[in-house]
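Here's the letter readout for the chains.
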Amino acid sequence: MINIGSYDERIKNFSWEIAEKELEYKKGDIINIGWYCSDRICEMGKSEKIALYYEGFGDKEKSYTFNDIRLAGNTIGTFLRDQGIVAEDRVCLFMDRIPELYLSFLGVLKIGAIVQPLFSAFGDESLLVRLENAQTRAIITQRKHLSKIRKIIDRLPSLEYIIIVDHNPAKELKEKEIPFSLKNSTPVEEMEIYPTTAESPSVLHYTSGTTGQPKGVRHVHYSLISQYLTTKWVLDLQDDDIYWCTADPGWVTGTSYGIIGPWSLGITQCVLDSGFSAEAWYKFIEKYKITMWYSAPTAIRSLMKAGDEVIKRIDLKSLRHLASVGEPLNAEAVIWSEKVFGLPFLDTYWQTETGSMMITNYPGMKIKPGSMGKSFPGITGVVLDAKTYEPITEPGKVGLIAFKPGWPAMMTTYWNNEEKYKEKFVNGWYLAGDRAYLDTEGYFWFIGRDDDVINTGGHLVSPFEVESALLEHEAISESAVVAKPDEVNMEVVKAFITLKPGYEFDDDTELNIMNFIRKKLSPLAMPQEIEFMESLPKTRSGKIMRRILHAKEWGEEIGDTSTLEDD
Ligand code: WT7
């Protein structure tokens, strides 16, 4: 039996109360995600069930039961509380995908503090702007990432605690640095869970826009309602499933569906903390007998590239259901997966801001390869005319993806930036910032983003952030950053630059600039190509015309540039 039953039946008389009832939550009651994902599952008799299988570099293996993760959450939560961390303080998680990352997530939520997960490959500049913006009070990290924090700590007066989960006693600690070892702590059996309610903030994820610094998307504990139900109906998780979400919790997929969704349903999940290789991934599936796999188009395209031979040598028969998110999932990838795994990847569309899946394909529903599917029950998804902001009823006509606000996992604001948050709404619609069209059967077909943000391998990169970082390089005078087409990542970052007098452009300069960005921002934001120009195309008022450069990369008509003049 599939959990959703029938999509057509579910959209009739849908109410989020379905999830509220299953979670035994009543309006106005306490709702705490940390408690729901561990204590409640134990109360339901699953204390000894495995919650997490972890495999790290060098075949390091660990496993944790639901009681283990309950205790670890208590222990970390109590430790933070003892330091003086209180409700709504921002606690950043800055770790690789080690068990402490997942366990701290629960601990921070249990004391009512706000989790701020950041991708551990972020460089010092990326880290600085996000910690500054959130006025983060504590950061939980590993020794290997300490140097990046030490570099910026003087500029972060709000950051009082740097908690190191793998401290080596032989090494010296600096001011504000505190060791914490889960292994050496006495497990805390009982703790007082902070009485968070539906509106209490839970997770703060940073996302990049076209202009300005990254925005902190503020979620609340009530988001559990839609994360729980979408996990149940779309990912179709059932009690004996072994689930693998390949996303890093530095991004929203890794928290909504890499922690909250599966654990609130009491499902066993696996984490692989190592670099990508087709063989290693397939072997991981074989070893843990993974049944449900949630991944991303870039990974799928990389697997396609690795060829089908390797699949024949590995037993992947445990798989029964696959889904994908983050970027357009091309029809070829769906057709390929049906061929090699006997299962199509179901495309799901949503965003950091939406907190949970919005438009997706469902088990049991007809799949049209290349389409994102239909709105989740309870979600009113439309395509709006870009001028009138009225819904387009005509099939095939491209417009802006928009949703009627009010689903449980929707962001409640951008941190400290209510103005930008308000800009996302027009005529009572939440504008996603993407373009799509509907077909005659109401399926959504993705066209592209409605802004200049670069989506590289499912990760959003702001051209503004890269351009600003480039300007800090000693040789660079001006910069413009656009997406360049890429076979595997769909888009990669490309930079156009002009140089200051006295500098010359050669391979060494290019490599030097690439490294500069990789260290400062992240490997994702690093330009894969840098092109030197004598001057950048500009409007009469002096604004750089990114669109001309973009069109050049994509082999598109540039058209009448006079209309772009002051765009
Ligand atoms: C943007 C959101 C939500 C998890 C990861 C990304 C693009 C997302 C799809 C899809 C085409 C997609 C959109 C969206 N996107 N899923 N299935 N097909 N595009 O979260 O970093 O907030 O990015 O990713 O452009 O707006 P995010």
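Just so it is clear, the model here is predicted, and its values are computed rather than measured.

Student: What exactly am I supposed to notice about the sheet that holds strand S13 (residues 321-325) here?
Tutor: Backbone-to-backbone hydrogen bonds pair the strands of a sheet. The strands run either parallel or antiparallel. The strand order S2-S1-S11-S10-S12-S13-S14-S15-S16 describes an open sheet built from nine strands, whose pairing is mixed. Both outer strands of the open sheet, strand S2 (60-65) and strand S16 (374-375), are each paired with one neighbouring strand and no more. By the bridge criterion, three bridges tie strand S10 (residues 242-245) to strand S12 (residues 292-295) in an arrangement that is parallel. Across the sheet, the residue bridging to Cys245 is Tyr294, located in S12. Where helix H6 (residues 99-110) meets the sheet, it contacts strand S1 (50-56), S2 and strand S11 (268-272), and its direction lies at approximately 25° from that of S2. Of the strands in this sheet, S12, S13 and strand S14 (345-349) touch helix H12 (residues 297-306), which is tilted by about 120° from S13.

Student: Please explain the pairing of strand S17 (residues 381-384) as it appears in this structure.
Tutor: Every regular strand shows the same layout, with side chains that alternate between the two sheet faces. Both faces of S17 are covered, namely the face carrying Gly381 and Val383 and the face carrying Val382 and Leu384. In this structure, S17 lies alongside strand S18 (residues 399-403), joined through four bridges in antiparallel fashion. Within S18, the position partnered with Val383 by the bridge is Ile401.

Student: Just checking my understanding: could you explain the pairing of S1 for this structure?
Tutor: Across the seven residues that make up S1, a large majority, six, are buried. As paired elements, S1 and S2 share six bridges and run antiparallel to each other. Bridge pairing links Leu52 to Tyr64 in S2. Hairpin geometry of S1 and S2 is characterised by an intervening segment of three residues between the two adjacent antiparallel strands and by a positive phi of about 65° at Gly58. Two strands pair when backbone bridges link them, and S1 and S11 are joined in this way by four bridges, in the parallel orientation.

Student: Before we go on, may I ask you to explain the site of the ligand in this structure?
Tutor: Lining the immediate environment of the ligand, one finds 18 residues, of which Asp347, Thr348, Gln351, Thr352 and Asp434 sit closest. At a separation of 3.3 Å, a nitrogen atom of the ligand approaches a polar backbone atom of Gly326. Note that an oxygen atom of the ligand is positioned 2.5 Å from one of the side-chain N or O atoms of Asp434. Against a free-state accessible area of 560 Å², the protein chains account for coverage of 96% of the ligand. Elements that contribute at least two residues to the shell around the ligand include exactly helix H10 (252-264), S14 and strand S22 (444-449). Counting residues per element, the shell around the ligand draws most heavily on S14, at three residues. Partitioning the shell around the ligand into residue classes produces eight nonpolar, six polar and four charged.

Student: Sorry, what's going on with the packing of aromatic side chains here?
Tutor: Given two aromatic rings, one states the distance between the centres and the angle between the planes to describe the pair. Overall, the coordinates contain 36 aromatic pairs when judged by the stated rule. Each ring, one from Phe79 and one from Phe180, has its centre 4.5 Å from the other, and the planes form 35°; the classification is tilted. Placement of the pair is Phe79 in helix H5 (residues 66-83) and Phe180 in the loop between strand S7 (177-179) and strand S8 (201-207), with a sequence separation of 101 residues. The rings of Tyr53, Trp244, Phe276, Trp281, Tyr282, Phe284, Tyr288, Trp293, Trp336, Phe341 and Phe345 are connected pair by pair, giving a single aromatic cluster. Sitting above the plane of the Phe122 ring, Arg130 keeps its charged end 4.4 Å from the centroid. Sitting over the ring of Tyr443, Lys368 keeps its end group 4.3 Å from the ring centre.

Student: I keep staring at the nonpolar core and nothing clicks. Help me out?
Tutor: Nonpolar side chains in soluble globular proteins generally cluster together in the buried interior. Trp263, Tyr294 and Phe403 are the most contacted members of the largest nonpolar core, which totals 102 residues. Looking at this core element by element, the count peaks at seven residues for H6. Residues Ala278, Ile314, Leu319 and Leu343 belong to the second largest nonpolar core, which totals 28 residues.

Student: So what exactly am I meant to see when it comes to the side chain of Ser202 here?
Tutor: In this fold, Ser202 is placed in strand S8. Residue classification places Ser202 among the buried residues on the basis of a relative accessible area of 0%. Contact partners of Ser202, with chain neighbours within four places excluded, come to Ile33, Leu109, Ala113, Ile114, Val115, His219, Val220, His221 and Ser223.

Student: Explain unusual backbone geometry to me, please; I cannot follow it from the model alone.
Tutor: The phi angle at Tyr389 is positive, at roughly 60°, despite the residue not being glycine. Along the chain, Tyr389 turns up in the loop between S17 and S18. The phi dihedral of Met490 is positive, around 65°, even though this residue is not glycine. Position of Met490 among the secondary structure elements: in strand S26 (residues 490-499).

Student: How should the domain arrangement of the chain be read in this particular structure?
Tutor: Much of the literature gives interface size as the accessible area that the parts lose upon coming together. Per the domain assignment, the segments of the chain are domain 1 (7-436) and domain 2 (454-554). Just the C-alpha atoms count here: the centres of domain 1 and domain 2 sit 30 Å apart. Contacts between domain 1 and domain 2 engage 25 residues on the former and 22 residues on the latter. Approximately 1,800 Å² of surface area, both sides summed, lies buried where domain 1 meets domain 2, with 55% of it carried by carbon and sulfur atoms. Applying the counting rule to domain 1 against domain 2 returns two salt bridges.

Student: Mind showing me how you'd approach the sheet that holds strand S25 (residues 476-486) here?
Tutor: Taking strand neighbours across the sheet as the criterion, the three strands line up as S25-S26-S27 in an open arrangement whose pairing is mixed. Both edges of this open sheet fall to S25 and strand S27 (529-532), since each of them pairs with a single strand only. Direction aside, neighbouring strands of the sheet carry axes that sit 25° apart on average. The pairing of S25 with S26 spans ten bridges and is antiparallel. Looking at the pairing, Pro485 lines up with Glu491 of S26. Sheet strands touched by helix H16 (residues 463-471): S25 and S26. Its angle to S25, the strand with the most contacts, is close to 140°. Where helix H18 (residues 546-553) meets the sheet, its contacts fall on S25, S26 and S27, and the angle it forms with S25 comes to roughly 40°.

About the cut-offs
- Residues numbered from 1 in each chain as written.
- Predicted model: local features only at pLDDT ≥ 70, side-chain atom pairs only at ≥ 80, totals over all residues.
- Heavy atoms only, no water.
- Pairing = 2+ DSSP bridges.
- Helix = DSSP H or I, 4+ residues; strand = E, 2+ residues; numbered from the N terminus.
- Contact = heavy atoms within 4.5 Å.
- Axes fitted to C-alpha atoms, helices over the stretch in contact; angles between N-to-C directions.
- Buried < 20%, exposed > 50% of the residue type's maximum accessible area, 1.4 Å probe, protein only.
- Near = heavy atom within 4 Å.
- Polar contact = N/O pair within 3.5 Å; in protein donor to acceptor, adjacent residues only side chain to side chain.
- Areas by Shrake-Rupley, 256 points an atom, 1.4 Å probe, with all protein chains shown as cover.
- Nonpolar A, V, L, I, M, F, W, Y, C, P; charged D, E, K, R; others polar.
- Phe/Tyr/Trp six-rings, centres within 6.5 Å; stacked < 30°, edge-to-face > 60°.
- Lys NZ or Arg CZ within 6 Å of the ring centre and 35° of its normal.
- Core = buried A, V, L, I, M, F, W, Y, C linked by side-chain atoms within 4.5 Å.
- Domains from an automatic or database assignment.
- Buried area = accessible area lost by both parts, 1.4 Å probe.
- Salt bridge = Lys/Arg side-chain N within 4 Å of Asp/Glu carboxyl O.

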